[in-house]
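# Coordinates in review
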Amino acid sequence: RGAWAVVLFFGAGAIYGMALENGGIRMGFFSEEGYRLYLRPLFPGPLVTGLGWCTVFYTVSFIVERITTAATPVWLRTALAACLALSIDLQVDPVATRVGWWVWHPSLPPAHHVVPLVNYISWVCAITPFAWHYFAMSAARYSDRKRALRTLIAVPAYLVAGAILVLGATRVLC
């Protein structure tokens, strides 16, 4: 997809993913010990889990673009991306938890194969702002360069939007 797609998914995606992973650790929801590469003390989480979000963002965006058309509403493309990301997480997190790659805070009751419900809620709420922005810019036909730069600039807004979504969804569902 070119250099700007790399900036978009592996620049903005990495920054956003690192903020998500390290935010969850700093707030005490989970821990991720036993990895090889950390950027401590600034980031308590391993580099690989933060960067893993790049793969998720790219994969779900690529799939949604292939199974929809440019005429598909942004909200539907966003919902599909969130569902695809959740389907990945429903498989990965139980395995990762069982083998000890991450440990959930004991106060969080397990919901799906030892993984707390708040994790799955958080995944949907984290993917949604990124996907909505990406597909909205695609619908507006921004160039790859402009899309990448706007995505980098919007990372703090994704964090705020995701936090608002997760707080609201958790309140409603829990």
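Details of the structure are given in the entry above.
Here's a quick rundown of the structure.

Conventions we followed
Residues numbered from 1 in each chain as written. Predicted model: local features only at pLDDT ≥ 70, side-chain atom pairs only at ≥ 80, totals over all residues. Heavy atoms only, no water. Phe/Tyr/Trp six-rings, centres within 6.5 Å; stacked < 30°, edge-to-face > 60°. Helix = DSSP H or I, 4+ residues; strand = E, 2+ residues; numbered from the N terminus. Buried < 20%, exposed > 50% of the residue type's maximum accessible area, 1.4 Å probe, protein only. Lys NZ or Arg CZ within 6 Å of the ring centre and 35° of its normal.

## Details of the packing of aromatic side chains
By the definition in use, this model includes 13 aromatic pairs. Aromatic pair Tyr58 and Phe62: ring centres 5.9 Å apart, planes at 25°, arrangement stacked. One end of the pair is Tyr58 and the other is Phe62, both in helix H2 (residues 47–67) and four residues apart, which spans about a single turn. The exposure class assigned to Tyr58 is partly exposed, which follows from its relative accessible area of 28%. Taking relative accessible area as the criterion, Phe62 reaches 30% and is therefore assigned partly exposed. Taken together, Phe9, Tyr16, Trp53, Phe57, Tyr58, Phe62, Trp123, Phe130, Tyr134, Phe135 and Tyr158 form an aromatic cluster joined through their ring pairs. A cation over an aromatic ring shows up here: Arg40 above the ring of Tyr38, its NZ or CZ 3.9 Å from the ring centre.

## Examining the environment of Gly2
Mapped onto the elements of the fold, Gly2 is located in the segment before helix H1 (3–26). Given the relative accessible area of 44%, Gly2 is considered partly exposed. Taking the C-alpha atoms as reference, Gly2 lies 23 Å from Thr78; in sequence the two are 76 residues apart.

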